Amino acid sequence: MLLRYEFQKVFKNKTVLLCTCLFLLLNAFFAFQSAQKGKDVIFHENEHTEALVQSLDGTLTKEKVDFVSSEYERLASSVAAGTFSTEYDENTYSGYTYGDYNLFSLLKEELDRIYLYPQTLETAMQNLENNAEMYASAGNSYQARQSEKIRALYGAREITAFHDYSGLEAYFSYDISYLFVLLSVVVLLSGMFVQEKESGMASLLKTTAKGNRPVLYSKVCAGFLLTLLYAVLFFFEDFCVFTACFGSLHFDVPLYFLPEYAYTVFNGSAGAFALCLGLMKTLGVFCAAAVCMTISKWSKTYLKSVGASAIFLLALVFFAQLKNDFVLNPVFLARAQTMFSKPFYVGVFGLQLSLPVAVLLWHAVILFVFIGLLCFKLREKHARVFRRS
């Protein structure tokens, strides 16, 4: 009953509803702009280039490779000799011979990357083995174990299909929705506790047999559930916008199929990676929510609570821009995907943990610390009330 009351109180607030609609509209606009920039490549120049890329999509075959190679060689020789026409040609894919040359250059480059990937990975694994032996001989067991662990994670990988990953890459790189969720947290939770203080209800609750313990628990639960709801809402909006712009995003392929993640230690699919990113970002938002609720609990007025929460958020964003590789900042989780592009391990109490795992543990600790601060303040005030009585 108390939990439902907290939800009703939030969603009956016109300011909350107005800000929610505004943030959703702005996020949709920025997501669409980001998607259009992702499509601003020669693969999506017109319907003919898109049809060509679509015809090559899927499992690689000798016919596809031979077609791309022969077209590239023909166009490359024409460009090198300077005999190509600069006029519009309706028989070309892009409309111009030189445009087709650029198109097939990119296609050949991607096919070469796919074909050479096992050899490139084998070279990287050999380097890791050499590094492990070198560190072991030098007595650096920590670095030796790290090299061996990365080598074991790579395993036998190969890329068996060609896809246009521009949509998936644009989707993973989009992080503005995370900031809108943080703004929503400030709007939602800044008045979570302080409004009862302003109305005098908090003082009345302390005189009851159970004190304000049930109310606090319901508020904390409502705060995190609202935060989860808004995170899912905004992240789902991202998915809808990018899917509408690109169609299939190829979530079923392994993550290492993407050029940017060729050496990632994440062995799951791109869809599993998207879910992992969503969970990591949600944990970061939970940390911000816990801080905002703590500020609201300690503030005396609503304006002070909103101001302190807004200053806290702006400070995190400013510091993230000032030092964008500081992984202990919750705002860094907006770019959590950067931790997966290359393998990196850190030592935590003698254990070797991948950087994403270490960052998750850090934010989990921060989350529990602030939840503890909320509960500690409750017990302290509850005890004082009964001592006086």
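None of the values given here were measured: they were computed from a predicted structure. (Residues numbered from 1 in each chain as written. Predicted model: local features only at pLDDT ≥ 70, side-chain atom pairs only at ≥ 80, totals over all residues. Heavy atoms only, no water.)

Two numbers describe how helix 3 (residues 47-56) lies on helix 4 (residues 62-81): the axes approach to 10 Å, and their chain directions differ by 140°. Only Lys 64, Phe 67 and Val 68 of helix 4 make contact with helix 3, whose side of the interface consists of Leu 52, Ser 55 and Leu 56. Taken together, the residues of the contact of helix 3 with helix 4 sort by class into 4 nonpolar, 1 polar and 1 charged. (Axes fitted to C-alpha atoms, helices over the stretch in contact; angles between N-to-C directions. Helix = DSSP H or I, 4+ residues; strand = E, 2+ residues; numbered from the N terminus. Contact = heavy atoms within 4.5 Å. Nonpolar A, V, L, I, M, F, W, Y, C, P; charged D, E, K, R; others polar.)

Residue placement: Ser 166 occurs in helix 7 (residues 166-173). For Ser 166, a relative accessible area of 11% puts it in the buried group. One polar contact links Ser 166 to Asp 164, side chain to side chain, over a distance of 3.0 Å. Once residues within four sequence positions are removed from consideration, Ser 166 is found in contact with Gly 38, His 44 and Phe 246. (Buried < 20%, exposed > 50% of the residue type's maximum accessible area, 1.4 Å probe, protein only. Polar contact = N/O pair within 3.5 Å; in protein donor to acceptor, adjacent residues only side chain to side chain.)

Let us now look at the layout of surface pockets. Looking at the largest pocket, its volume works out to about 420 Å³. Considering the residues around the largest pocket, the lining is formed by 20 residues, among which Tyr 171, Phe 235, Ala 274, Leu 275 and Gly 278 are closest to the centre. No other element matches helix 12 (residues 270-298), which puts 8 residues into the lining of the largest pocket. The residue inventory of the lining of the largest pocket, partitioned by class, reads 14 nonpolar, 4 polar and 2 charged. There is about 330 Å³ of room inside the second largest pocket. Contributing to the lining of the second largest pocket are 16 residues, with Phe 43, Glu 110, Asp 164, Glu 169 and Pro 259 lying nearest its centre. (1 Å grid on protein atoms, 1.4 Å probe; cavity = no way out; pocket = protein on both sides within 12 Å on 5 of 7 lines; lining within 4 Å. Points joined across faces, edges and corners; volume = space filled by probe spheres on them.)

Time to look at the nonpolar core. Of all hydrophobic cores here, the largest spans 98 residues; its most connected members are Leu 107, Phe 172, Phe 242, Met 339 and Phe 340. Per-element tally for this core: the top contributor is helix 12, with 15 residues. Beyond its immediate stretch of four places on either side in the chain, Phe 172 contacts Leu 255, Leu 258, Tyr 261, Ala 270, Phe 273, Ala 274, Leu 277 and Gln 337. (Core = buried A, V, L, I, M, F, W, Y, C linked by side-chain atoms within 4.5 Å.)

A few words now on the packing of helix 7 against helix 12. It is at 11 Å that the axes of helix 7 and helix 12 come closest, and there the two elements cross at 15°. As the angle between them shows, helix 7 and helix 12 are arranged roughly parallel. In the packing of helix 7 onto helix 12, the handedness of the crossing is left-handed. Contacts between helix 7 and helix 12 involve Leu 168, Tyr 171 and Phe 172 on the former and, on the latter, Ala 270, Phe 273, Ala 274 and Leu 277. Across the contact of helix 7 with helix 12, the residue classes break down as 7 nonpolar, no polar and no charged. (Parallel < 35°, antiparallel > 145°, perpendicular 65-115°, else oblique. Left-handed = near helix turned anticlockwise from the far one by under 90°.)

Moving on, we get to the pattern of salt bridges. Overall, the coordinates contain 4 salt bridges when judged by the stated rule. Ionic pairing is found between Lys 62 and Asp 66, a salt bridge with its closest N-O pair at 2.7 Å. Of this pair, Lys 62 and Asp 66 both sit in helix 4, separated by 4 residues, roughly a single helical turn. Judged by its relative accessible area of 38%, Asp 66 falls in the partly exposed class. Asp 112 serves as the salt-bridge partner of Lys 108, at 3.0 Å between the closest nitrogen and oxygen. Residue Lys 108 and its partner Asp 112 are located together in helix 5 (residues 97-137), separated by 4 residues, close to a single helical turn. Classification of Lys 108 by relative accessible area gives partly exposed; the value is 23%. Classification of Asp 112 as partly exposed rests on a relative accessible area of 32%. (Salt bridge = Lys/Arg side-chain N within 4 Å of Asp/Glu carboxyl O.)

This part is about helix 7. Burial runs high along helix 7: 6 of the 8 residues are buried. Every buried residue belonging to helix 7 is among Ser 166, Gly 167, Leu 168, Ala 170, Tyr 171 and Phe 172, and all of these are buried.

Any aromatic ring pair is given by two values, namely how distant the centres are and how the planes are angled relative to each other. By the definition in use, this model includes 25 aromatic pairs. With a centroid separation of 5.7 Å and an interplanar angle of 55°, the aromatic rings of Tyr 174 and Phe 242 are classed as tilted. Here Tyr 174, found in the loop between helix 7 and helix 8 (176-189), pairs with Phe 242, found in helix 11 (residues 213-246); they are 68 residues apart in sequence, far enough to count as distant. According to the relative accessible area criterion, Tyr 174 is buried, its value standing at 4%. For Phe 242, a relative accessible area of 0% puts it in the buried group. Grouped by ring-pair contacts, the aromatic residues Tyr 171, Phe 172, Tyr 174, Phe 236, Phe 239, Phe 242, Phe 251, Tyr 261, Phe 266, Phe 273 and Phe 340 constitute a single cluster. The ring of Phe 235 is capped by Lys 281, whose NZ or CZ atom sits 6.0 Å from the centre of that ring. (Phe/Tyr/Trp six-rings, centres within 6.5 Å; stacked < 30°, edge-to-face > 60°. Lys NZ or Arg CZ within 6 Å of the ring centre and 35° of its normal.)

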